[in-house]
Amino acid sequence: MCGRFALNSTPRRIAAHFNLAANQFELFPRYNIAPTQPVVIIRQNEHSLKRELTHVVWGLIPSWAKDISIGSRMINARSESAQVKPGYRGAMKYRRCIVPADGFFEWQKKEGSRTKQPYFIHRADGDLVALAGLWEHWQGPGGEEIESCTILTCGPNEMMKPLHDRMPVILEPRDFERWMDTTLQDVDAVTDLMKPCDGKVLATYPVSTYVGNARNEGEKCIERVDLETGELFS
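So, a few notes on the structure that sits alongside this text. From a predicted model like this one, the values you see are computed outputs, not experimental measurements.

### Structural notes on the pattern of salt bridges
Here is step 1 of the chain: Counted according to the given criterion, the structure contains 11 salt bridges.
Here is step 2 of the chain: R13 is the partner of D102 in a salt bridge, and the nearest nitrogen-oxygen pair spans 3.4 Å. Here D102 is found in the loop between β6 (96–101) and β7 (103–109), whereas its partner R13 is found in helix α1 (residues 11–18), with 89 residues between them in sequence.
Here is step 3 of the chain: Residue D102 is classed as buried on the basis of its relative accessible area of 13%.
Here is step 4 of the chain: Accessibility expressed as a relative area gives 33% for R13, which makes it partly exposed.
Here is step 5 of the chain: A cluster of three or more residues bridged by salt bridges with shared partners is formed by R43, E52 and E147.

Given below as C-alpha coordinates:
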(Lines give C-alpha, C1' and ligand atoms only; values in the text may rest on other atoms or scores of the structure.)
Protein backbone atom coordinates (compact mmCIF):
# COMPACT_ATOMS: atom_id res chain seq x y z
CA MET A 1 0.00 0.00 0.00
CA CYS A 2 1.03 3.62 -0.44
CA GLY A 3 -1.11 6.03 1.57
CA ARG A 4 1.22 8.97 2.16
CA PHE A 5 4.28 10.40 0.41
CA ALA A 6 6.49 13.47 0.14
CA LEU A 7 7.67 15.58 -2.79
CA ASN A 8 9.98 18.33 -1.61
CA SER A 9 12.58 18.47 -4.40
CA THR A 10 12.97 21.65 -6.42
CA PRO A 11 11.30 21.95 -9.83
CA ARG A 12 14.76 22.07 -11.40
CA ARG A 13 15.73 18.75 -9.85
CA ILE A 14 12.43 17.12 -10.83
CA ALA A 15 12.76 18.44 -14.38
CA ALA A 16 16.30 17.11 -14.73
CA HIS A 17 15.44 13.66 -13.38
CA PHE A 18 12.37 13.19 -15.56
CA ASN A 19 13.62 15.08 -18.63
CA LEU A 20 11.08 17.90 -18.45
CA ALA A 21 11.29 21.57 -19.39
CA ALA A 22 12.58 23.32 -16.25
CA ASN A 23 10.38 26.39 -16.77
CA GLN A 24 7.25 24.31 -17.33
CA PHE A 25 5.99 24.41 -13.76
CA GLU A 26 6.26 25.82 -10.25
CA LEU A 27 5.95 23.63 -7.17
CA PHE A 28 6.02 24.10 -3.44
CA PRO A 29 7.67 21.48 -1.20
CA ARG A 30 5.21 19.05 0.38
CA TYR A 31 6.13 16.58 3.10
CA ASN A 32 2.84 14.86 3.92
CA ILE A 33 0.76 14.28 0.79
CA ALA A 34 -2.47 12.43 1.57
CA PRO A 35 -5.28 10.81 -0.46
CA THR A 36 -7.83 13.10 -2.17
CA GLN A 37 -5.30 15.95 -2.18
CA PRO A 38 -3.85 17.51 -5.36
CA VAL A 39 -0.68 15.78 -6.58
CA VAL A 40 1.51 16.05 -9.65
CA ILE A 41 2.01 13.33 -12.23
CA ILE A 42 4.26 12.99 -15.25
CA ARG A 43 2.73 11.59 -18.40
CA GLN A 44 3.16 11.56 -22.15
CA ASN A 45 0.98 14.07 -23.97
CA GLU A 46 -1.17 12.02 -26.34
CA HIS A 47 -0.90 14.63 -29.10
CA SER A 48 2.70 15.93 -28.94
CA LEU A 49 4.04 12.69 -27.39
CA LYS A 50 6.24 14.86 -25.15
CA ARG A 51 6.46 14.42 -21.40
CA GLU A 52 4.48 16.83 -19.29
CA LEU A 53 3.88 17.48 -15.61
CA THR A 54 0.35 18.26 -14.51
CA HIS A 55 -1.77 18.44 -11.36
CA VAL A 56 -4.45 15.83 -10.65
CA VAL A 57 -6.35 14.53 -7.61
CA TRP A 58 -4.99 11.50 -5.76
CA GLY A 59 -7.74 8.86 -5.86
CA LEU A 60 -8.76 7.62 -9.29
CA ILE A 61 -12.27 8.50 -10.45
CA PRO A 62 -13.33 6.18 -13.31
CA SER A 63 -14.92 7.86 -16.31
CA TRP A 64 -18.15 5.93 -15.65
CA ALA A 65 -18.43 6.93 -11.96
CA LYS A 66 -21.66 8.70 -10.99
CA ASP A 67 -19.86 10.91 -8.48
CA ILE A 68 -16.34 11.62 -7.27
CA SER A 69 -16.63 9.98 -3.86
CA ILE A 70 -15.34 6.69 -5.28
CA GLY A 71 -11.90 8.27 -5.66
CA SER A 72 -11.13 8.07 -1.94
CA ARG A 73 -11.31 4.27 -2.21
CA MET A 74 -9.09 4.06 -5.30
CA ILE A 75 -5.81 5.61 -4.17
CA ASN A 76 -3.99 2.33 -4.87
CA ALA A 77 -4.48 -0.33 -7.55
CA ARG A 78 -3.16 -3.87 -7.31
CA SER A 79 -0.81 -4.34 -10.25
CA GLU A 80 -1.69 -8.03 -10.47
CA SER A 81 -5.31 -7.31 -11.41
CA ALA A 82 -5.40 -3.71 -12.69
CA GLN A 83 -5.59 -4.76 -16.33
CA VAL A 84 -8.87 -6.60 -15.78
CA LYS A 85 -10.59 -4.46 -13.13
CA PRO A 86 -13.27 -2.19 -14.67
CA GLY A 87 -11.99 0.88 -12.84
CA TYR A 88 -8.41 0.53 -14.05
CA ARG A 89 -8.20 -1.51 -17.25
CA GLY A 90 -8.73 1.44 -19.61
CA ALA A 91 -6.07 3.50 -17.85
CA MET A 92 -3.69 0.53 -17.90
CA LYS A 93 -3.86 0.54 -21.69
CA TYR A 94 -3.97 4.25 -22.47
CA ARG A 95 -3.14 6.39 -19.42
CA ARG A 96 -0.07 5.21 -17.53
CA CYS A 97 1.88 7.85 -15.65
CA ILE A 98 4.55 8.42 -13.03
CA VAL A 99 3.93 9.95 -9.61
CA PRO A 100 7.20 11.61 -8.55
CA ALA A 101 8.19 11.49 -4.88
CA ASP A 102 11.16 12.00 -2.62
CA GLY A 103 9.88 9.10 -0.56
CA PHE A 104 6.80 7.51 0.94
CA PHE A 105 5.63 6.52 4.40
CA GLU A 106 4.63 3.22 5.93
CA TRP A 107 3.50 2.34 9.44
CA GLN A 108 4.77 -0.71 11.33
CA LYS A 109 2.77 -2.31 14.10
CA LYS A 110 4.53 -2.23 17.47
CA GLU A 111 4.54 -5.56 19.26
CA GLY A 112 2.28 -5.46 22.29
CA SER A 113 0.99 -2.00 21.44
CA ARG A 114 -1.92 -0.45 19.57
CA THR A 115 0.29 2.29 18.19
CA LYS A 116 2.23 2.12 14.94
CA GLN A 117 5.67 3.49 14.16
CA PRO A 118 5.91 5.48 10.91
CA TYR A 119 8.90 5.05 8.61
CA PHE A 120 10.07 7.13 5.67
CA ILE A 121 11.16 5.04 2.69
CA HIS A 122 13.42 6.63 0.07
CA ARG A 123 15.93 5.66 -2.59
CA ALA A 124 19.26 4.64 -1.12
CA ASP A 125 21.07 6.58 -3.86
CA GLY A 126 19.20 9.80 -3.01
CA ASP A 127 17.42 10.03 -6.36
CA LEU A 128 13.74 10.78 -6.73
CA VAL A 129 11.31 7.88 -6.48
CA ALA A 130 9.22 7.18 -9.58
CA LEU A 131 5.95 5.58 -8.50
CA ALA A 132 4.07 3.80 -11.28
CA GLY A 133 0.60 5.26 -11.63
CA LEU A 134 -2.52 5.47 -13.76
CA TRP A 135 -4.56 8.56 -14.50
CA GLU A 136 -8.15 9.09 -15.58
CA HIS A 137 -10.44 11.84 -16.87
CA TRP A 138 -13.93 12.25 -15.40
CA GLN A 139 -16.69 14.56 -16.54
CA GLY A 140 -19.68 15.20 -14.32
CA PRO A 141 -23.31 15.69 -15.33
CA GLY A 142 -22.91 19.44 -14.99
CA GLY A 143 -19.89 19.53 -17.26
CA GLU A 144 -17.31 19.69 -14.48
CA GLU A 145 -14.06 17.87 -15.28
CA ILE A 146 -11.57 16.22 -12.95
CA GLU A 147 -8.33 14.38 -13.69
CA SER A 148 -7.24 11.91 -11.04
CA CYS A 149 -4.67 9.18 -10.42
CA THR A 150 -3.89 6.02 -8.51
CA ILE A 151 -0.60 4.41 -7.49
CA LEU A 152 0.06 0.81 -8.46
CA THR A 153 1.18 -1.62 -5.77
CA CYS A 154 2.80 -5.05 -5.71
CA GLY A 155 4.08 -7.53 -3.16
CA PRO A 156 6.92 -6.38 -0.87
CA ASN A 157 10.63 -6.82 -1.37
CA GLU A 158 12.86 -8.01 1.48
CA MET A 159 13.33 -4.50 2.87
CA MET A 160 9.60 -3.75 2.93
CA LYS A 161 8.35 -7.07 4.35
CA PRO A 162 8.82 -6.07 8.01
CA LEU A 163 6.76 -2.93 7.37
CA HIS A 164 3.88 -4.03 5.12
CA ASP A 165 2.70 -6.80 2.81
CA ARG A 166 2.35 -4.36 -0.12
CA MET A 167 4.55 -1.65 -1.62
CA PRO A 168 4.30 0.77 -4.55
CA VAL A 169 5.65 -0.25 -7.94
CA ILE A 170 8.86 1.74 -8.41
CA LEU A 171 10.26 2.42 -11.88
CA GLU A 172 13.86 2.93 -12.96
CA PRO A 173 14.79 5.77 -15.38
CA ARG A 174 15.48 3.28 -18.17
CA ASP A 175 11.82 2.23 -18.01
CA PHE A 176 10.17 5.67 -17.92
CA GLU A 177 9.67 5.92 -21.68
CA ARG A 178 8.17 2.47 -22.08
CA TRP A 179 5.84 2.89 -19.11
CA MET A 180 4.39 6.22 -20.28
CA ASP A 181 4.27 5.41 -24.01
CA THR A 182 0.67 6.13 -25.06
CA THR A 183 1.15 4.23 -28.31
CA LEU A 184 2.08 1.05 -26.42
CA GLN A 185 -1.37 -0.27 -25.59
CA ASP A 186 -0.49 -3.93 -25.09
CA VAL A 187 -0.39 -4.24 -21.29
CA ASP A 188 1.71 -7.40 -21.59
CA ALA A 189 4.53 -5.19 -22.88
CA VAL A 190 4.84 -3.49 -19.46
CA THR A 191 3.86 -6.36 -17.16
CA ASP A 192 7.50 -7.07 -16.33
CA LEU A 193 7.81 -3.60 -14.76
CA MET A 194 5.06 -4.23 -12.21
CA LYS A 195 7.12 -6.05 -9.60
CA PRO A 196 8.96 -5.22 -6.38
CA CYS A 197 12.16 -3.29 -6.91
CA ASP A 198 15.41 -4.75 -5.63
CA GLY A 199 15.65 -4.41 -1.86
CA LYS A 200 18.94 -2.53 -2.17
CA VAL A 201 17.25 0.28 -4.12
CA LEU A 202 15.46 1.55 -1.02
CA ALA A 203 16.45 2.65 2.47
CA THR A 204 14.31 3.61 5.43
CA TYR A 205 14.38 5.29 8.83
CA PRO A 206 11.83 5.99 11.59
CA VAL A 207 10.07 9.35 11.75
CA SER A 208 7.81 11.08 14.25
CA THR A 209 4.15 10.17 14.67
CA TYR A 210 3.62 13.83 13.74
CA VAL A 211 3.21 12.65 10.13
CA GLY A 212 0.17 10.60 11.10
CA ASN A 213 -2.03 13.68 11.02
CA ALA A 214 -2.66 14.60 7.37
CA ARG A 215 -3.03 18.25 8.38
CA ASN A 216 0.58 18.40 9.54
CA GLU A 217 3.19 19.63 7.08
CA GLY A 218 6.84 20.65 6.97
CA GLU A 219 10.27 19.06 7.30
CA LYS A 220 9.39 17.60 10.69
CA CYS A 221 7.40 14.94 8.81
CA ILE A 222 10.57 13.39 7.37
CA GLU A 223 13.06 14.02 10.18
CA ARG A 224 14.61 10.91 11.70
CA VAL A 225 13.67 10.03 15.27
CA ASP A 226 15.42 7.96 17.94
CA LEU A 227 13.21 4.93 18.59
CA GLU A 228 14.44 4.72 22.18
CA THR A 229 13.65 8.30 23.17
CA GLY A 230 11.25 9.41 20.45
CA GLU A 231 13.34 12.55 20.02
CA LEU A 232 14.32 14.01 16.67
CA PHE A 233 17.94 13.67 15.60
CA SER A 234 19.67 17.02 15.43
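Picking up where we left off.
### Looking at the pairing of strand β8 (residues 116–123)
Here is step 1 of the chain: With 6 of its 8 residues buried, β8 lies for the most part within the structure.
Here is step 2 of the chain: Here β7 pairs with β8 via 6 bridges, running antiparallel. Within β8, the residue paired with E106 across the bridge is Y119.
Here is step 3 of the chain: From the end of β7 to the start of β8, which pair antiparallel, there are 6 residues, and G112 there has a positive phi angle of about 75°.
Here is step 4 of the chain: In terms of strand pairing, β8 meets strand β13 (residues 202–206) through 5 bridges, oriented antiparallel. Within the sheet, the bridge partner assigned to I121 lies in β13 and is T204.

Calculation notes
- Counting from 1, residues in each chain are numbered in the order their sequence is written.
- Totals for whole chains, interfaces and linings use all residues, but because this is a predicted model, local features are given only for residues with pLDDT of at least 70 and pairs of side-chain atoms are given and counted only at 80 or more.
- Heavy atoms from the whole structure form the basis of all side-chain values; hydrogens and water molecules are not counted.
- Whenever a carboxyl oxygen of Asp or Glu lies within 4 Å of a side-chain nitrogen of Lys or Arg, that contact is scored as a salt bridge.
- Going along the chain from the N terminus, every DSSP run of H or I of four or more residues is numbered as a helix, and every run of E of two or more is numbered as a strand.
- Remark: exposure states derive from per-residue accessible area (1.4 Å probe, protein chains only) relative to the maximum for the residue type, with buried under 20%, exposed over 50%, and partly exposed in between.
- Any two strands are treated as partners once DSSP identifies two or more bridges connecting them.

Read these as spatial facts, not as claims about activity.
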